[in-house]
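So the chains spell out like this:
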Amino acid sequence: MGGLDSGRLSMARSCVGAILAGGEAARMRGAPKGLEKINGERIIDTVSRCLGGASDSVVLIANDAAAAEWIPGMRVIGDLRPGLGAMSGLHAALSATGADVLAIAWDMPFVPAGLLRALRDAGETADADIAVPRSNSPWGFEPLVAWFRDRAITPIEQMLDAEDGRIGALAEHAKLLTVDVSSLGDPDELFFSVNTPDDLAAANRIALRV
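Predicted model only: the values in this text are computed from it and were never measured. Every chain is numbered independently, its residues counted from 1 as its sequence is written. Local features are withheld for residues below a pLDDT of 70 in this predicted model, meaning they are given only at 70 or higher, and side-chain atom pairs are given and counted only at 80 or more; totals for whole chains, interfaces and linings count all residues. Values shown for side chains rest on all heavy atoms present in the structure; no hydrogens or waters enter the calculation.

### Some remarks on the overall build of the protein
Thinking step 1. Put simply, DSSP H or I for four residues or longer makes a helix, DSSP E for two residues or longer makes a strand, and each gets a number counted from the N terminus. Helices and strands together make up the secondary structure of the protein, namely six helices and nine strands.
Thinking step 2. At 16 Å, the protein has a C-alpha radius of gyration in line with the 17 Å of a compact globule built from 210 residues.
Thinking step 3. Burial classes: relative accessible area under 20% of the type maximum marks a residue as buried, over 50% as exposed, and values in between as partly exposed (1.4 Å probe, protein chains only). Within the protein, the fraction of its 210 residues that count as buried is 52%.
Thinking step 4. Taking contacts inside the protein between residues at least 6 apart in sequence as the whole, the part at least 24 apart equals 71%.
Thinking step 5. Accessible area of the protein: about 9,200 Å², with a carbon and sulfur share of 49%.
Thinking step 6. With 19 positive and 28 negative side-chain charges, the protein shows a separation of 3 Å between the mean positions of the two kinds. For the radius of gyration, the atom set is restricted to C-alpha positions; the globular benchmark scales as 2.2 Å times the number of residues to the power 0.38. Contacts were defined at the residue level, with two residues in contact if any of their heavy atoms lie within 4.5 Å. Here the accessible surface of atoms and residues is derived via Shrake-Rupley with a 1.4 Å probe, and residues count as covered only by protein chains that are part of the display. In this tally, Lys and Arg are treated as positive and Asp and Glu as negative; His is ignored, and so are the chain termini. The atom standing in for a charge is NZ when the residue is Lys, CZ when it is Arg, CG when it is Asp and CD when it is Glu.

Below, the structure written as structure tokens:
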């Protein structure tokens, strides 16, 4: 297990931030989740800004035909092996960039840049394949806020070959480091995801006090 040291960021390796813009929008009445606004700002813009503070560049992982219009000028990468959700998105990011990847789902508005920097630094320092924050998820960590070393593409491809899209199950196939981020806030709020109109209303309430 790793501790949190957000005061130091190793810059020895190239790292690309990846916005994972996947997931069905049915529960948001068909509207793309990341384009919803929290406290007046689109979630995708919040996520992009935080990734930009922890990585060397940012790309958008999306299959939507309109994705190029979401953040003009940002590189858009589509799934190379579609059909397995976030696992397909991570594979696309690692394949297309050839670099380490800091990934975050685009419906998570409260992940701070300091947390992302801490994951990157911890993963690089520990020579891990994947660095993830400890959370209250069934896995015990948050798999959609994570740093991936470039070589993590190998276990990801193995899982894609097995048609296994369980993103949390990467812990069974790779050297995974879990980082304690409790000093940054309540994990249930840090990793809150907006999937429904009720979630959007709750997120706006949270934004008023964070």
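### Re the environment of Lys 37
Thinking step 1. For Lys 37, the position within the fold is in strand β2 (residues 37-38).
Thinking step 2. Each C-alpha atom, one on Lys 37 and one on Gly 123, is 31 Å from the other, the two residues being 86 residues apart in sequence.
Thinking step 3. The contact partners of Lys 37, leaving out residues within four places of it in the chain, are Arg 42, Leu 200 and Asn 204.

### With respect to the confidence of the model for the protein
Low-confidence regions, as indicated by low pLDDT, have predicted coordinates that should not be scrutinised in detail.
Thinking step 1. pLDDT is a residue-level measure of predictor confidence that goes from 0 to 100. Looking at the protein, the pLDDT average stands at 91 and 90% of residues meet or exceed 70.
Thinking step 2. Ignoring residues within four places in sequence, the model shows residues 5-10, a span with pLDDT below 50, making 12 contacts including any to other chains.

### Concerning the pairing of strand β6 (residues 100-105)
Successive side chains on a regular strand alternate, one facing one side of the sheet and the next facing the other.
Thinking step 1. For β6, a buried count of six out of six residues is recorded, marking the element as mostly surrounded by other parts of the structure.
Thinking step 2. The alternating pattern of β6 places Asp 100, Leu 102 and Ile 104 and Val 101, Ala 103 and Ala 105 on opposite faces, both of which are buried.
Thinking step 3. Strands were regarded as paired on the criterion that DSSP finds at least two bridges between them. Here strand β1 (residues 15-20) pairs with β6 via six bridges, running parallel. Paired with Leu 20 across the bridge in β6 is Ala 105.
Thinking step 4. Note: β6 against strand β8 (residues 145-148), four bridges, orientation antiparallel. Counterpart to Ala 103 in the pairing with β8 is Ala 146.

### Observations concerning the nonpolar core
Thinking step 1. Only buried Ala, Val, Leu, Ile, Met, Phe, Trp, Tyr and Cys residues count toward a nonpolar core, and they belong to the same one when joined by side-chain atoms within 4.5 Å. Ile 19, Leu 60 and Val 145 are the most contacted members of the largest nonpolar core, which totals 45 residues.
Thinking step 2. Contacts of Leu 60, omitting those with residues within four sequence positions, involve Ile 19, Ala 21, Ile 44, Ala 67, Trp 70, Met 74, Arg 75, Val 76 and Ile 77.
Thinking step 3. Counting residues in each nonpolar core, the second largest holds 28 residues, with Ala 92, Ala 99, Met 159 and Leu 160 among its members.

### Looking at unusual backbone geometry
Thinking step 1. For Asn 39, which is not glycine, the phi torsion reads 55° and is therefore positive.
Thinking step 2. With respect to the helices and strands, the residue Asn 39 is situated in the loop between β2 and β3 (41-42).

### Focus on empty space enclosed by the protein
Thinking step 1. Points on a 1 Å grid over protein atoms alone make up a cavity when a 1.4 Å probe fits among them but cannot get out, and a pocket when they form an open set with protein on both sides within 12 Å along at least five of seven lines; lining residues each have an atom within 4 Å of a point. Grid points are joined across faces, edges and corners, and a volume is the space filled by probe spheres set on the points. The tally for this structure, following the rule as stated, stands at one cavity of 30 Å³ or more.
Thinking step 2. When its volume is computed, the largest cavity comes out at roughly 40 Å³.
Thinking step 3. Around the largest cavity sit Ile 130, Val 132, Phe 141, Pro 143, Phe 148, Ile 167, Leu 170 and Leu 176, which together line it.

### Points about the pattern of salt bridges
Thinking step 1. Just to be clear on terms, a salt bridge is a Lys or Arg side-chain nitrogen sitting within 4 Å of an Asp or Glu carboxyl oxygen. In the structure shown here, the tally under the stated rule is 14 salt bridges.
Thinking step 2. Ionic pairing is found between Asp 161 and Arg 81, a salt bridge with its closest N-O pair at 2.8 Å. Taken as a pair, Asp 161 in helix α4 (residues 153-161) and Arg 81 in the loop between β5 (76-77) and α2 (85-97) lie far apart in primary sequence, 80 residues in all.
Thinking step 3. Its relative accessible area of 55% is what places Asp 161 among the exposed residues.
Thinking step 4. Given the relative accessible area of 30%, Arg 81 is considered partly exposed.
Thinking step 5. Sharing partners across several salt bridges, the network here consists of Asp 127, Asp 129, Arg 149 and Arg 151.

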